[in-house]
Amino acid sequence: MFQNNSYSGILFLAGIFYNAPLLCLGALLGTIISTGTAHILKYPKEDIQNGIYGFNGALVGIALWYFFGFTAATFFAVMIAAAFTSPLNYYVKKIIPPY
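As the structure is a computational prediction, the values presented were derived from the model and not from experiment.

As for the overall build of the chain
- Each helix and strand in the chain was counted, giving five helices and zero strands.
- Starting at the N terminus, the α and β elements of the chain follow one another as α-α-α-α-α.
- Taking the principal axes of the C-alpha coordinates as reference, the chain spans close to 35 × 30 × 20 Å.
- Buried residues in the chain amount to 31% of all 99 residues.
- Here the contacts in the chain between residues at least 6 apart in sequence split such that 65% fall between residues at least 24 apart.

If you want it as structure tokens, here you go:
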């Protein structure tokens, strides 16, 4: 519900960083990869600016490093999984609109 506000995003990242700096890096990496994928695939700019695609990438980055730890394999898994969240979200959005 706070995706369209950059200040709340910064506060979320600050909270994640305070608790676990490595997970904050996972969230940033996931967000950058998933948003970049949305740009490359030329998804609607309004959705990208609203944070629709970056949010799921951030969650993937946090979840993979939290549950499996930080290794070279999970680093690449975050990159691949975050990239897949954009097309998945794009097609699911056609069936169920995001909140």
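On we go.
With respect to the pattern of salt bridges
- Taken as a whole, this structure holds one salt bridge when the rule is applied.
- A salt bridge links lysine 93 to aspartate 47; the shortest N-O distance between them is 2.0 Å. Highlighted residues: lysine 93 in helix 5 (residues 72-95) and aspartate 47 in helix 3 (residues 45-49), separated in sequence by 46 residues.
- Taking the relative accessible area as the measure of exposure, aspartate 47 reaches 12% and is therefore buried.

Digging into the packing of helix 4 (residues 52-68) against helix 5
- Put simply, helix 4 and helix 5 touch, their axes get as near as 8 Å, and they point 145° apart. Helix 4 and helix 5 meet at a crossing whose hand is right-handed. On the side of helix 4, the interface is formed by Ile52, Tyr53, Asn56, Gly57, Val60, Gly61, Leu64, Trp65 and Phe68, while helix 5 contributes Thr74, Phe75, Ala77, Val78, Ala81, Ala82, Thr85, Ser86, Asn89, Tyr90 and Lys93.
- Of the residues in the contact of helix 4 with helix 5, the class split is 12 nonpolar, seven polar and one charged.

Scoring rules and cut-offs
- Residues numbered from 1 in each chain as written.
- Predicted model: local features only at pLDDT ≥ 70, side-chain atom pairs only at ≥ 80, totals over all residues.
- Heavy atoms only, no water.
- Helix = DSSP H or I, 4+ residues; strand = E, 2+ residues; numbered from the N terminus.
- Buried < 20%, exposed > 50% of the residue type's maximum accessible area, 1.4 Å probe, protein only.
- Contact = heavy atoms within 4.5 Å.
- Salt bridge = Lys/Arg side-chain N within 4 Å of Asp/Glu carboxyl O.
- Axes fitted to C-alpha atoms, helices over the stretch in contact; angles between N-to-C directions.
- Left-handed = near helix turned anticlockwise from the far one by under 90°.
- Nonpolar A, V, L, I, M, F, W, Y, C, P; charged D, E, K, R; others polar.

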